[in-house]
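Residue-level listing of the chains:
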Amino acid sequence: MGVGVLAAEAAVFDRDQVRGKVIAVRDRSCRGGPPTIRGMNPSLNLTLLLAVGLLAHVALKLWLNARQVRHVASHRAAVPEAYAHTISLADHQKAADYTLAKARLAQWDILLDAVVLLGWTLLGGLDALNQWLLGFMAPGLLQQLALVVGFMLIGGLLGLPLSLLQTFGVEQRFGFNKTSPALWLSDLFKGLLVGAVLGLPLLALVLWLMDVGGAIWWLWAWAALVVWQLFLMAIAPNVIMPLFNKFTPLEDEALKARVQALMQRAGFRAKGFFVMDGSRRSAHSNAFFTGFGASKRVVFFDTLLQQLSPAEMEAVLAHELGHFKHRHILKMMAVSFATTLAGLALLGWLAQQAWFYTGLGVMPNMDGSSHALALVLFLGVVPVFSFFLAPLSSWRSRVQEFEADAYAGSQTPAADLASALLKLYQDNASTLTPDPLFVKFYYSHPPASERLARMQA
Ligand SMILES: [Zn+2]
């Protein structure tokens, strides 16, 4: 290979020259001039795709939100007939007002997200952050880490005002917030610390694999992510969650006896029932299951224990056992691993295309790798398009809830679960009259009316 060829190669990767080409492309697009490569310019196409996709995304979300507002407001005046004897008008209207308040806040959230994404991409925010970091950091793993961390911190900071409004505005006004500003701040810093300790090594590993893993780096990165995820799931109940909440073994003897009898009937080994001090932060109540294998456990919020009778608690537990019986955690993990693999494979291809960067408002790095840029762009842009698939995952989740309800019905009287659910929906001020289309996109749990109707059937 002669010196001349090397010089030519160096010229191809000359930063200013590439920047010049991009500017030329942008200028052409401004003038509406003839497209370049084979009829269309892929970079310009991607810019258009993002613009159109984002517009559709925002329009769809705002439309769904407006539908929900209209539907809930128009049913606010009277309790639905089926609940006329069980739900008071005051409770019904509180649920409506709470839903409307959340929807109003969600509107701003939708708009803010879109503006922030535009700011990062087409308006050049990510490019500016990258150039600024390169101004005092050498290209390399550390600079790439700093870029991703900077992106996440700035995004988190921009989202803070709305999160504060949510907790100390809406939740406070409806009597749900029990978080003090001090606890809120300590949660924030603890979250950052846990995120740094657990997330930074993984991020460094993935960026490193992207750089050294060759054409199939995404397969290595996927394996690393899967192992990491399993590790996190294994340590979450014992290590991470106790950092934020107190978990005490269920002590109520009468309830414990019920619970153990149910476990025996259902063929589960009775261990791992915990009460969580959820009342420290919020008056909302819930129960959930977590972990797998030996770390499998069922967690009740202390607020739930105060609200439900022992028979109702047993029914709620039977529902959670239904999730175990149907292997919902395993299925969820399988789907999540498969979509991660597909996403990484797509990213593996996109990261090699110059138009992927330029089309989203970023200049790829000329010396050093652009993998952090690709990762951030991908994480930012994918949700714009994946939201259109939200009805699929919400539907799968709602089907699983029905399965768990059916299982509970086979183990405990259906009337107990029905009254427990009604109390739960009531105490959490969940509206009984959501917009059906809004439900299809957003609801991971079926609305009360559908669950109760199935139980009666
Ligand atoms: Zn469930």
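Structure first, text after, so check above.
Here is what the cut-offs are and how they apply
- Residues numbered from 1 in each chain as written.
- Predicted model: local features only at pLDDT ≥ 70, side-chain atom pairs only at ≥ 80, totals over all residues.
- Heavy atoms only, no water.
- Helix = DSSP H or I, 4+ residues; strand = E, 2+ residues; numbered from the N terminus.
- Buried < 20%, exposed > 50% of the residue type's maximum accessible area, 1.4 Å probe, protein only.
- Contact = heavy atoms within 4.5 Å.
- Areas by Shrake-Rupley, 256 points an atom, 1.4 Å probe, with all protein chains shown as cover.
- Donors = N, O, S within 2.8 Å, 3.2 Å for Na, K, Ca; no water.
- Tetrahedral: all angles 85-135°; square planar, octahedral: opposite > 155°, others 65-115°.
- Axes fitted to C-alpha atoms, helices over the stretch in contact; angles between N-to-C directions.
- Parallel < 35°, antiparallel > 145°, perpendicular 65-115°, else oblique.
- Left-handed = near helix turned anticlockwise from the far one by under 90°.
- Nonpolar A, V, L, I, M, F, W, Y, C, P; charged D, E, K, R; others polar.
- 1 Å grid on protein atoms, 1.4 Å probe; cavity = no way out; pocket = protein on both sides within 12 Å on 5 of 7 lines; lining within 4 Å.
- Points joined across faces, edges and corners; volume = space filled by probe spheres on them.
- Patch = residues over 30% accessible without salt bridge, like charges linked within 9 Å, V, L, I, M, F, W, Y side chains within 5 Å.
- Salt bridge = Lys/Arg side-chain N within 4 Å of Asp/Glu carboxyl O.

Caption draft 1: Up close: the overall build of the chain. A tally of helices and strands in the chain yields 18 helices and four strands. For the chain, buried positions account for 44% of its 457 residues. In the chain, 75% of the contacts between residues at least 6 apart in sequence involve partners at least 24 apart. Counting only carbon and sulfur atoms, one obtains 68% of the accessible surface of the chain, whose full area is about 23,300 Å².

Caption draft 2: Structural context of the side chain of Thr121. Of note, Thr121 is situated in the loop between α4 (89-120) and α5 (125-136). Residue classification places Thr121 among the buried positions, given a relative accessible area of 2%. Those residues within four positions of Thr121 in sequence are excluded, and the remaining contacts are Leu50, Leu360, Gly361, Leu377 and Val381.

Caption draft 3: Structural detail: the side chain of His328. Looking at where His328 falls in the secondary structure, it is placed in helix α12 (residues 328-350). Classification of His328 by relative accessible area gives buried; the value is 1%. If we ignore the near neighbours within four places in the chain, the residues touching His328 are Gly322, His323, Gln400, Glu403 and Ala404.

Caption draft 4: Expanded view of the coordination of the zinc ion. For the zinc ion, the full set of protein donor atoms is His319 (NE2), His323 (NE2), Glu401 (OE) and Glu401 (OE), at a range of 2.0 to 2.8 Å. Every donor counted, the four donor atoms about the zinc ion form angles of 51 to 135° at the centre, which fits irregular coordination. Written as a sequence motif, the donor arrangement for the zinc ion is H-x3-H-x77-E. Residue His319 is located in helix α11 (residues 310-325), and its partner Glu401 is located in helix α15 (residues 390-411); the two are separated by 82 residues in the primary sequence.

Caption draft 5: Region of interest: the packing of α5 against helix α6 (residues 141-173). At a closest axis distance of 10 Å, the pairing of α5 and α6 adopts a crossing angle of 135°. Compared by their axis directions, α5 and α6 come out oblique. The two elements α5 and α6 cross, and the hand of that crossing is right-handed. Every residue of α6 that contacts α5 at Leu126, Leu129, Asn130, Leu133 and Leu134 is listed here: Gln143, Ala146, Leu147, Gly150, Phe151 and Ile154. Taken together, the residues of the contact of α5 with α6 break down into eight nonpolar, three polar and no charged.

Caption draft 6: Region of the structure containing the layout of surface pockets. Estimated volume of the second largest pocket: approximately 1,300 Å³. If you go around the second largest pocket, you meet 38 residues; those closest to its centre are Met152, Leu225, Thr340, Leu375 and Leu379. Counting residues per element, the ones that place at least two in the lining of the second largest pocket are α6, α7 (181-212), α8 (217-244), α12, α14 (371-386) and α15. Classifying every residue of the lining of the second largest pocket by side-chain character gives 27 nonpolar, ten polar and one charged.

Caption draft 7: Spotlight on a nonpolar patch on the surface. On the surface, Leu141, Leu205, Trp208 and Val212 cluster together into a nonpolar patch covering about 340 Å² of accessible area. Here the nonpolar patch gets three residues from one element, more than from any other, and that element is α7. Structurally, Val212 is set in helix α7.

Caption draft 8: Summary view of the pattern of salt bridges. Evaluated as defined, the whole model comprises seven salt bridges. A salt bridge links Glu314 to Arg258, with the shortest nitrogen-to-oxygen separation between them at 2.6 Å. Note that Glu314 is positioned in helix α11 and Arg258 in helix α9 (residues 253-266), a separation of 56 residues in sequence. Among the residues examined, Glu314 registers a relative accessible area of 9% and is labelled buried. Look at the salt bridges and you will find they share partners, linking Arg258, Arg265 and Glu314 into a network.

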